[in-house]
Amino acid sequence: MNFIAPALWVAVLVALVARIFMKKRPLALALYAQAAINFVVGVGALVLGLWFFGHDGKMATYTGMALLCATSQWFMVRGWR
């Protein structure tokens, strides 16, 4: 559970912050769906970091997780419009 906890927190926070800062943009999905997609992306980044570095808890893994979650959120709210 401690392994995936950062992905859960980042997923929920990114989805909530997107609602605050991107008010004029239409949201593609409901809040829980955005958080779920971000969670899956975050866990994938953590697993990839575990595989690459051989152990968890590296700051590079957490940075990659945050960047990938932000990128997936940007796609979900159609940030290019």
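Above this text is the structure in question.
Residues numbered from 1 in each chain as written. Predicted model: local features only at pLDDT ≥ 70, side-chain atom pairs only at ≥ 80, totals over all residues. Heavy atoms only, no water.

Engineer: Would you explain the overall build of the protein chain in this entry?
Structural biologist: Within the protein chain, the regular secondary structure consists of three helices and zero strands. Walking the protein chain from its N terminus toward its C terminus, one meets helices and strands in the order α-α-α. Radius of gyration (C-alpha) of the protein chain: 13 Å, near the 12 Å computed for a compact globule of 81 residues. Projected onto its principal axes, the C-alpha positions of the protein chain cover 40 × 25 × 15 Å. Here the protein chain holds 81 residues, and 25% of them are scored as buried. By sequence separation, contacts in the protein chain at least 24 residues apart represent 65% of the contacts at least 6 residues apart. (Helix = DSSP H or I, 4+ residues; strand = E, 2+ residues; numbered from the N terminus. Rg over C-alpha atoms; globule rule 2.2 N^0.38 Å. Buried < 20%, exposed > 50% of the residue type's maximum accessible area, 1.4 Å probe, protein only. Contact = heavy atoms within 4.5 Å.)

Engineer: Quick question: what am I supposed to make of the packing of helix H1 (residues 5–21) against helix H3 (residues 59–76) here?
Structural biologist: A pair of packed helices is characterised by two quantities: the angle between their axes and the separation of those axes. Contact geometry of H1 with H3 gives a least axis separation of 10 Å together with a crossing angle of 35°. Handedness of the crossing formed by H1 with H3: right-handed. Packed against H1, whose contacting residues are Pro6, Ala7, Val10, Val14, Ala15 and Ala18, the element H3 presents Tyr62, Met65, Ala66, Cys69, Ala70 and Gln73 at the interface. Taken together, the residues that form the contact of H1 with H3 break down as eleven nonpolar, one polar and no charged. (Axes fitted to C-alpha atoms, helices over the stretch in contact; angles between N-to-C directions. Left-handed = near helix turned anticlockwise from the far one by under 90°. Nonpolar A, V, L, I, M, F, W, Y, C, P; charged D, E, K, R; others polar.)

Engineer: Sorry, what's going on with the environment of Leu67 here?
Structural biologist: By secondary structure assignment, the location of Leu67 is in helix H3. Taking C-alpha positions, Leu67 is 9.6 Å from Ala45, a pair spaced 22 residues apart along the chain.

Engineer: Explanation requested: the nonpolar core in the structure shown.
Structural biologist: In summary, soluble globular proteins display a tendency toward joint burial of nonpolar side chains. Core analysis: the largest hydrophobic core is formed by six residues, namely Ala7, Val43, Ala45, Leu46, Met65 and Cys69. Counting only elements with at least two residues in this core, the list comes to helix H2 (31–53) and H3. Of all the elements, H2 adds the most residues to this core, at three residues. Not counting chain neighbours up to four residues away, the residues in contact with Ala7 comprise Phe39, Gly42, Val43, Leu46 and Met65. (Core = buried A, V, L, I, M, F, W, Y, C linked by side-chain atoms within 4.5 Å.)

By themselves, these observations are geometric and do not establish any function.
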